[in-house]
Amino acid sequence: MYNYNIIPNYKTHTTKLVLPEESELSTCESELNIQLPECYTQFISQYGRGILGGTYIRIYMPSFVANNQEEWIKRITEYYFWDDGKDVLTKEEVLNSICLGDTLDGDEIIYYNKQYFVLPRNEDLIYPLGNTLTEAIEWLCSSNILTEAFTERDFEPINEDI
């Protein structure tokens, strides 16, 4: 299991977690005809909707993943510019991935073939993040590549009505 410090939401001042129902996970898998990675389902079932690491990383809820995957594929198809990352993932592989999160800077966290990757908003490379969500989070927070490395690993739930 994950072990992040839960801090109060800046608007509601509570640490109430908004967790997905089990049916939300299975509906996402059914609609996208995929099996969500176990590390993702563990994280989202433990923490739910929120922002990790000093408001840097957002892991999407399963309903958001399912509802936005088609639009995400269309956008990536139209605006694909990661050609210098083709040795890591081809465009076709990116288009067969699922987008499970993003960063404050607009970098997108994707999952393909049992591995996590990041599509940086401001670079035409693709970076491998690891085989687990923990590895992906640690890379994003400490690699010093897409943002200055930081040690904060607080989780702020998004528990206000959006």
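Attention in this report is confined to the structure presented alongside it.

Scoring rules and cut-offs
Residues numbered from 1 in each chain as written. Predicted model: local features only at pLDDT ≥ 70, side-chain atom pairs only at ≥ 80, totals over all residues. Heavy atoms only, no water. Helix = DSSP H or I, 4+ residues; strand = E, 2+ residues; numbered from the N terminus. Expected span 1.5 Å × (residues − 1). Bend = angle between axes of the 7 residues up to and from the residue. Buried < 20%, exposed > 50% of the residue type's maximum accessible area, 1.4 Å probe, protein only. Contact = heavy atoms within 4.5 Å. Pairing = 2+ DSSP bridges. Axes fitted to C-alpha atoms, helices over the stretch in contact; angles between N-to-C directions.

The end-to-end C-alpha distance of helix H3 (residues 62-79) is 24 Å, a good match for the 26 Å that 18 residues give at a rise of 1.5 Å each. Its axis deflected by about 50° at Asn 68, H3 carries its strongest bend there. Looking at H3, one finds that the buried residues are Pro 62, Val 65, Ala 66, Gln 69, Trp 72 and Ile 76. Buried residues along H3 sit against helix H1 (22-32), helix H2 (38-46), helix H4 (91-95), strand E4 (98-103), strand E5 (108-112) and strand E6 (115-119).

One open sheet holds the eight strands; their spatial order is E1-E8-E2-E3-E4-E5-E6-E7, and the pairing between them is mixed. Strands with a single pairing partner mark the edges of an open sheet, and in this sheet they are strand E1 (5-6) and strand E7 (127-130). Sheet strands in contact with H2 are strand E2 (50-52), strand E3 (57-59), E4, E6 and strand E8 (154-157), and its direction is about 100° off that of E3.

A word on helix H5 (residues 133-142). Residues spaced three or four apart along an α-helix point in a common direction, a consequence of the helix completing one turn every 3.6 residues. Of the residues making up H5, those classed as buried are Leu 133, Ala 136, Ile 137, Trp 139, Leu 140 and Cys 141. Just downstream of H5, Asn 144 is the residue with a positive phi angle, here 65°.

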